[in-house]
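# Descriptive analysis of the structure
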Amino acid sequence: MFTIEAAEITLVRLPLKFRFETSFGVQTEKLVPLLTLHGEGVSGLSEGTMEPAPMYREETISGALALLREVFLPRVLGRTFANPQALEAALGPFRGNRMARAMVEMAGWDLWARTLGVPLGTLLGGTKTEVEVGVSLGIQPDEAATVDIVRRHVEQGYRRIKLKVKPGWDVQPVRAVREAFPDIRLTVDANSAYTLADSGRMAALDAYDLTYIEQPLAWDDLVDHAELQRRLRTPLCLDESVASAADARKGLALGAGRVINVKVARVGGHAEARRVHDVAASFGAPVWCGGMLESGVGRAHNIHLSTLPNFALPGDTSSASRYWETDVVNEALEATDGLMPVPAGPGIGVTLNRDFVATRAELHEEWRA
């Protein structure tokens, strides 16, 4: 059991070390909402992955902060919960807003794990001490630059290369990379940029031995993905369109994809992420852990989740030093030869670098029960 005695929200602006372009646009910094729940003499941490504008999904940072202040935190502050599933149930009556709810649920898992002195991955049912990681590479100026950035990351040992693509920039970079690296595990991510009218373009990618094509069609669609999958040899990977275990079941039953990207915040927290994992396993579909340019808090949560057995493909939990000159946590989260060690210690195994966070904080609020 654990009691939530106090809470803090901190909004931190972090500059990225590189320009990151996707079909959504160009990103050079990340606005990171952090939640800390206090109780039982320890603190649980989580990170929001919603964005300032509703680009990836419908949630926004401003909307999430309002819900946390006005609805979610008042519902849990001062209460004692038997376990994180009970905390999840307390937020169950509210529709949607899964990323905002996930902030509370994930911090609750970390808090509970720390009270027990047990790593989060162990409580979730994971067994791995290190997880395979890949890298997600943004759209580059041309094919030569794409091959060059892929080469650098292949040399660093990453176990999967993912290229961001968009209409007009898809077959060309994939062809160039596959010719230069015939044996690497290669995938592409379209971030919902295509329609069924582009199925010929997608079919052209069948020639390049991709592990999967990630979320080519609309963010809230399963039916057209099923039609597209029937036209392709390459497996489709569902991302934005899977917000729950029920979505995963429907998508796999429809044949809308053969792989699922599990983003713990997108589905509402660790309990639902584990259900998605189990549903996919029942269909024989592998899952992997996607990333949202998380700081060390979210990255540590992702690593622990990835210790579950059906996370059979490399995830997006690449080295934190790729993204940040200074991370928000004190511990280094660094992969070697494509393997990321699971942070040791109770909970998510990282602690907040409060001095650094204070220098980057644009908002800080505290509540007590």
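All values derive from a computational prediction rather than experimental measurement.

### Some remarks on empty space enclosed by the protein
On inspection of all chains with the given rule, the structure shows three cavities of 30 Å³ or more. Taken together, Glu-47, Thr-49, Met-106, Lys-263, Val-264, Ala-265, Met-292, Glu-294, Gly-298 and Asn-302 make up the full set of residues lining the largest cavity. Classifying every residue of the lining of the largest cavity by side-chain character gives four nonpolar, three polar and three charged. Size it by volume and the second largest cavity reaches roughly 40 Å³.

### Notes on the sheet that holds strand β13 (residues 287-289)
If you trace the seven strands from one edge of the open sheet to the other, you get β7-β8-β9-β10-β11-β12-β13, paired in parallel fashion. The sheet terminates laterally at β7 (135-137) and β13, the two strands that pair on one side only. Strand direction decides the pairing type here: β7 and strand β8 (residues 161-164), joined by three bridges, are parallel. Paired with Val-135 across the bridge in β8 is Ile-161. Of the strands in this sheet, β7 and β8 are in contact with helix α5 (residues 143-155), which crosses β8 at around 155 degrees.

### A short note on the packing of α5 against helix α6 (residues 171-180)
Orientation of α5 relative to α6, taken along the N-to-C sense of each, is 45 degrees, at an axis distance of 9 Å. What the angle tells us is that α5 and α6 run oblique. With respect to the hand of their crossing, α5 and α6 are arranged in right-handed fashion. Residues Glu-143, Thr-146, Val-147 and Val-150 of α5 lie in contact with α6, whose contacting residues are Gln-172, Pro-173, Ala-176, Val-177 and Ala-180. Broken down by class, the residue content of the contact of α5 with α6 amounts to six nonpolar, two polar and one charged.

### Remarks on unusual backbone geometry
When glycine is set aside, most residues are seen to have a negative phi, and most peptide bonds are trans. With a phi close to 60 degrees, Glu-40 is a non-glycine residue in the positive phi region. By secondary structure assignment, the location of Glu-40 is in the loop between β3 (25-39) and β4 (42-47). One non-glycine residue, Asp-337, lies in positive phi territory at about 55 degrees. Summarising the element assignment, Asp-337 is placed in the loop between α11 (296-305) and β14 (339-341).

### Let's talk about the environment of Glu-214
Following the sequence through the fold, Glu-214 ends up in strand β10 (residues 213-214). Sequence-wise, Glu-214 and Val-188 are 26 residues apart; in three dimensions their C-alpha atoms are separated by 6.0 Å. Sequence-distant contacts of Glu-214, defined by excluding residues within four places in its chain, comprise Lys-162, Val-188, Asp-189, Ala-190, Asn-191, Cys-237, Asp-239, Asn-261 and Trp-288.

### Remarks on the pairing of β4
The pairing of β3 with β4 spans six bridges and is antiparallel. Bridging across to β4, His-38 finds its partner in Ser-43.

The rules behind these values
- Within every chain, residues take consecutive numbers counted from 1 along the sequence as written.
- Whole-chain, interface and lining totals are the exception, using all residues; otherwise, since this is a predicted model, local features are given only for residues with pLDDT of at least 70 and side-chain atom pairs are given and counted only at 80 or more.
- Water and hydrogen atoms were dropped before computing side-chain values, which therefore reflect all heavy atoms in the structure.
- For each structure, a 1 Å grid was placed over the protein atoms alone; sets of points admitting a 1.4 Å probe that cannot get out are labelled cavities, open sets with protein on both sides within 12 Å along at least five of seven lines are labelled pockets, and lining residues have an atom within 4 Å of a point.
- Grid points are joined across faces, edges and corners, and a volume is the space filled by probe spheres set on the points.
- Only Asp, Glu, Lys and Arg are considered charged in this grouping, and only Ala, Val, Leu, Ile, Met, Phe, Trp, Tyr, Cys and Pro are considered nonpolar; every other residue, Gly among them, is considered polar.
- The rule for pairing is simple: two strands pair if DSSP sees at least two bridges between them.
- Put simply, DSSP H or I for four residues or longer makes a helix, DSSP E for two residues or longer makes a strand, and each gets a number counted from the N terminus.
- Two residues qualify as a contact provided that any one of their heavy atoms is within 4.5 Å of a heavy atom in the partner residue.
- Working convention: axes come from line fits to C-alpha atoms, limited for helices to the stretch in contact. Angles between N-to-C directions cover 0 to 180 degrees.
- Relative orientations are named as follows: roughly parallel for angles under 35 degrees, roughly antiparallel for angles over 145 degrees, roughly perpendicular for angles from 65 to 115 degrees, and oblique for any other angle.
- Crossings are sorted by hand: turned counterclockwise from the far helix by less than a right angle, the near helix makes the crossing left-handed, and turned clockwise it makes it right-handed.

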